[in-house]
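Coordinate analysis (summary)
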Amino acid sequence: MAFDSYIFDREGFKELTDEKADNLKANRGLSDLLGFGLSVVAGRLAKDRLRYRDYGPYWWALKDLMNANGYDLGSETDEVVKAIYRGDRDVDTLIMADEFRELYLQTWVLHTNQFDLDSESGEMWTLYDRDMEPFAY
């Protein structure tokens, strides 16, 4: 599988991330976009653990960030997908994951976990995190 669908332009996201950081500072007086964003994600997951699927292939890198910042979400991962679907900076990864979530909410039915990550083969990739699924019900 090529894993080439839904890859965002990393340079473009650096600009978007910086813009969002400026907006957070201007609107809320906060300068820690990463910390603020991760707390928002944690709040979403607290309401419905299956909402990890909203982040599609960006979930694994986002989960790593969550774990590194004090949110214990377990050790299940997908190293290949995580290496591809991430930004150059941690905060870029957060913003990419959130942008994918926006696309997800506009495109798929809630709790969908299959995505076409290979633009040529059309082979479906399934997002399944054994650390998150048992707590969903």
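See the structure shown above.
All of the points below concern the structure found in this document. (Residues numbered from 1 in each chain as written. Predicted model: local features only at pLDDT ≥ 70, side-chain atom pairs only at ≥ 80, totals over all residues. Heavy atoms only, no water.)

**Here we look at unusual backbone geometry**
Just so we agree on the cut-off: Note on exposure labels: buried denotes an accessible area under 20% of the residue type's maximum, exposed denotes more than 50%, and partly exposed covers the range between, all computed with a 1.4 Å probe on protein chains only. Secondary structure elements are defined from DSSP: runs of H or I of at least 4 residues count as helices, runs of E of at least 2 residues count as strands, and each element is numbered from the N terminus.
At tyrosine 6, a residue that is not glycine, the phi angle is positive and equals roughly 65 degrees. Exposure remark for tyrosine 6: the relative accessible area of 26% places this residue in the partly exposed category. At histidine 111, a residue that is not glycine, the phi angle is positive and equals roughly 75 degrees. Note that histidine 111 resides in the loop between α5 (90–107) and β1 (114–116). Judged by relative accessible area, histidine 111 falls into the partly exposed class, the value being 27%.

**Digging into the packing of helix α3 (residues 59–68) against α5**
Condition: Axes here refer to lines fitted to C-alpha atoms; in helices the fit is confined to the stretch in contact. Angles between the N-to-C directions go from 0 to 180 degrees. In this scheme, roughly parallel covers angles under 35 degrees and roughly antiparallel covers those over 145, while 65 to 115 is roughly perpendicular and the rest are oblique. Helix crossings get a hand from a simple test, with the near helix turned counterclockwise from the far one by less than a right angle marking a left-handed crossing and a clockwise turn marking a right-handed one. In what follows, a contact means two residues having at least one pair of non-hydrogen atoms within 4.5 Å.
Between α3 and α5, whose axes approach to 9 Å, the crossing angle comes to 130 degrees. As summarised for this structure, α3 and α5 are arranged oblique, according to the angle between their axes. Helix-helix and strand crossings are classified by hand; for α3 and α5 the assignment is left-handed. Across the interface between the two elements, Ala61, Leu62 and Leu65 of α3 pack against Asp90, Thr93, Leu94 and Ala97 of α5.

**Examining the packing of aromatic side chains**
Worth spelling out the cut-off: Here a pair means two rings of Phe, Tyr or Trp (six-membered ring of Trp) with centres within 6.5 Å. Their orientation is stacked below 30 degrees between planes, edge-to-face above 60, and tilted elsewhere.
All chains considered together, the criterion is met by 14 aromatic pairs. Judged by centre distance (5.7 Å) and plane angle (75 degrees), the rings of phenylalanine 100 and phenylalanine 115 are edge-to-face. In this pair, phenylalanine 100 sits in helix α5 while phenylalanine 115 sits in strand β1, placing the two residues 15 residues apart along the sequence. Note on phenylalanine 100: relative accessible area 0%, which makes it buried.

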